[in-house]
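# Chains, contacts and geometry: an overview
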Amino acid sequence: MKINSNRENLIKGLQTIQAGVSSKTGTIPILQNFLMETEDKGLKVVFTDLEMAIKHHINVDVKTEGSITIPIKKFMEIVQNLGEESDVNISVDDSNRVAINSGKSKFKLSGAPKNDYPVIPDLDENNSFKMPAGLMASMISGTIFSASTEDDRHFLNGLLWKYADEKLSVVATDGRRLALATTDKIKIKKDFKIIVPSKILNELVKFIKSADIEDKEEVLVGLSSNQIGFKIAKTVFISRLIEGNFPAYEQIIPKTREFSVEIKTPKLVAVTRRAAIATNERSGVVKYTLKKGMLVVNSSSQTMDFEDELEVDYNGKDFQVSFNPKFILDILKNAGEQNIILDFNTPATPVMARIPGNEDFTYIVMPLRTQ
């Protein structure tokens with residue numbers, strides 16, 4: 001194999017697939033490698049940790065076709081440290097030695113043949129649907145922060161994707177909060193219910209945002225019994241699905257509300273951030289007390305106390321509720337500059353947060369019990 005490439009193109013392409021690097025790859029030597037193979041008058045680069053895989057196409061000048069697998073970290077280090085002014089020439093000899101030349105810099109690196117690398121399944125296009133990239137990124141970004149990151153209940157480390165009653169729902173929960181995004185703008189032939197790992201969805205959103213993918217550009221989503229694939233142009237993300245029973249989230253969403261308060265999001269963000277400064281990092285608690293015409297915000301720790309207040313349109317009786325400030329700030333970040341509506345029942349029951357005029361997102365937070 002012989003190819004010539006622009007250094008910048010190589011770095012961008014490798015950064016796209018390098019997302020698949022995980023600690024697990026250290027236990028199986030070949031998983032520290034990535035596959036590069038000439039294809040479609042360019043270069044296909046592939047990386048996997050056996051749970052997820054990313055395939056990406058890089059435009060290069062192909063002199064001789066072929067394939068090789070190379071240690072990804074070492075190769076990336078080499079390319080990043082080459083001079084910017086010269087192209088990169090890569091060639092592979094019969095003993096799987098990879099020559100990387102640029103200007104007067106010459107590296108030689110040991111590779112391994114393609115046959116040693118895990119076979120990456122193709123995206124299943126028989127059972128697939130299309131979705132605009134912008135809508136997909138919005139639904140994932142607006143919910144994924146509520147998924148668990150280290151839960152023994154592995155099914156909470158992913159997002160539920162469910163299509164039923166002509167609506168697509170994306171749901172995340174860690175048992176203390178829940179985020180739900182829905183849309184009726186996608187038409188899918190068959191109903192389904194699957195749990196998609198957060199890891200692949202994070203990388204997918206990063207790619208959509210960093211690769212300047214237009215909002216209207218369609219993502220092909222392919223489903224099979226145990227995997228999901230996402231294809232955007234010539235880039236493919238594939239992942240195993242998570243097995244298990246996702247919580248019956250519909251039962252958590254309050255069906256009634258005693259009262260609601262609408263608050264300017266930027267002001268609530270600012271006061272909650274100030275309150276978070278005075279809390280213990282591990283067990284942060286911020287108290288929100290509604291009084292006539294105002295919201296009083298308090299927090300304290302062994303060394304600090306904080307109090308502030310906001311004007312709000314509230315005429316009910318005094319009502320106090322406590323939250324983890326991070327959970328509130330995560331929701332508010334998704335609301336942006338819009339107002340937020342909080343629906344309350346009692347100080348111990350789930351609180352629902354909504355964005356006025358946007359029925360597509362619903363957030364639930366469990367209050368904290370305080371003495």
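Before going into details, it helps to say that this report is about the structure given with it.

### Focus: the pairing of strand β15 (residues 218–223)
β15 sits mainly inside the fold: five of its six residues count as buried. Bridge count for strand β10 (residues 128–132) against β15 is five bridges, and the pairing is antiparallel. Note on β15: the bridge partner recorded for F129 is V221. The pairing of β15 with strand β16 (residues 227–232) spans four bridges and is antiparallel. Bridge pairing in β16 places G222 opposite G229. Linking two consecutive strands that pair antiparallel, namely β15 and β16, is a turn of three residues.

### Things to note about helix α1 (residues 7–18)
For α1, which comprises 12 residues, the first-to-last C-alpha distance of 16 Å matches the rise-based estimate of 16 Å (1.5 Å per residue) to within 8%. For α1, the complete set of buried residues consists of R7, L10, I11, G13, L14, T16 and I17. Where α1 begins, the side chain of N6 points an oxygen toward the backbone nitrogen of E8, at a separation of 2.7 Å.

### What about the environment of F75?
Checked against the element boundaries, F75 lands in helix α2 (residues 72–80). Given the relative accessible area of 0%, F75 is considered buried. In the structure, F75 is positioned 97 residues away from A172 in sequence and 36 Å away in space, judged by C-alpha atoms. With residues near it in sequence (within four places) discarded, F75 still touches L14, F34, M36, I70, I90, I100 and L109.

### Looking at the packing of aromatic side chains
One pass over the structure, following the stated rule, counts 12 aromatic pairs. Between F34 and F75, the ring centres sit 5.5 Å apart and the planes meet at 55 degrees, which makes this aromatic pair tilted. Taken together, the positions of F34 in strand β2 (residues 33–39) and F75 in helix α2 put the pair 41 residues apart, joining distant regions of the chain. Among the aromatic residues, those joined into a ring-pair cluster are F259, Y314, F319 and F344.

### As for the sheet that holds strand β8 (residues 97–102)
Read from one edge of the open sheet, five strands run β5-β1-β7-β8-β9, paired in antiparallel fashion. Whereas interior strands pair on both sides, the edge strands pair on one side only; in this sheet they are β5 (61–64) and β9 (105–110). Direction aside, neighbouring strands of the sheet carry axes that sit 15 degrees apart on average. Where strand β7 (residues 88–92) meets β8, four bridges bridge the pair, whose relative direction is antiparallel. If you follow V92 over to β8, its bridge partner there is V98.

### Side note on the pattern of salt bridges
Following the criterion strictly, the structure yields 18 salt bridges and no others. D61 is the partner of K63 in a salt bridge, and the nearest nitrogen-oxygen pair spans 3.1 Å. For D174, the salt bridge goes to R176, with nearest N and O atoms at 3.3 Å. Three or more residues joined by partner-sharing salt bridges are found here, namely D174, R176, R177, K326 and D330.

### Structural notes on the pairing of β8
Between β7 and the antiparallel strand that follows it, β8, lie four residues; N96 among them carries a positive phi value of about 65 degrees. Where β8 and β9 come together, six bridges link them in antiparallel fashion. Opposite I100, over in β9, you have F107 as the bridge partner.

### Quick word on the environment of D313
Of note, D313 is situated in the loop between β21 (305–311) and β22 (319–323). Expressed as a C-alpha distance, the spacing of D313 and K41, which sit 272 residues apart in the sequence, is 63 Å.

### Structural notes on unusual backbone geometry
Look at L50: it is not a glycine, yet its phi comes out positive at around 80 degrees. One can find L50 in the loop between β3 (42–48) and β4 (52–58). Look at L50 and you get partly exposed, because its relative accessible area is 39%. The phi torsion at D212 lies on the positive side, around 55 degrees, for a residue other than glycine. The exposure class assigned to D212 is exposed, which follows from its relative accessible area of 67%.

### Examining the sheet that holds strand β12 (residues 167–173)
The eight strands are arranged β14-β11-β12-β13-β25-β24-β23-β18 in an open sheet whose pairing can be described as antiparallel. Single-partner strands in this sheet number two, and they are β14 (192–197) and β18 (259–263). Each adjacent strand pair in this sheet contributes to an overall mean axis angle of 20 degrees, direction not counted. Alignment of strand β11 (residues 158–164) against β12, held across five bridges, turns out to be antiparallel. Note that in β12 the partner of A164 across the bridge is K167. Along the sheet face, helix α3 (residues 133–141) touches β11, β12, β13 (177–183) and β25 (358–365) and points at about 160 degrees away from the line of β13. In the packing of helix α4 (residues 198–210) onto the sheet, contacts are made with β11 and β14, and the angle to β14 comes to roughly 80 degrees.

Conventions and cut-offs
Throughout this document, residue positions are counted from 1 along each chain, in the order its sequence is written. In view of the model being predicted, local features appear only for residues whose pLDDT reaches at least 70, and side-chain atom pairs are presented and counted only at 80 or more, with totals across whole chains, interfaces and linings using the full set of residues. Based on all heavy atoms of the structure, the side-chain values leave hydrogens and waters out of the count. Burial classes follow relative accessibility: with a 1.4 Å probe on protein chains only, a residue under 20% of its type's maximum area counts as buried, one over 50% as exposed, and anything between as partly exposed. We count a stretch as a helix when DSSP gives it H or I for four or more residues in a row; a strand needs E for two or more, and each element gets its number in order from the N terminus. Only strands that DSSP links by at least two bridges are regarded as paired with each other. Multiplying 1.5 Å by the helix residue count minus one yields the expected span of that helix. N or O atoms closer than or at 3.5 Å make up a polar contact, with two conditions inside protein: a donor-capable atom paired with an acceptor-capable one, and, for residues adjacent in sequence, both atoms drawn from side chains. Only heavy atoms enter the contact rule, under which two residues are in contact if any of them lie within 4.5 Å. Put simply, two rings from Phe, Tyr or Trp (the six-membered ring, in Trp's case) pair if the centres are within 6.5 Å, and we call them stacked under 30 degrees between planes, edge-to-face over 60, tilted for the rest. Here an angle of 0 to 180 degrees is reported between the N-to-C directions of two axes, which are lines fitted to C-alpha atoms, with helices fitted over the stretch in contact. Each reported salt bridge corresponds to a side-chain nitrogen of Lys or Arg within 4 Å of a carboxyl oxygen of Asp or Glu.

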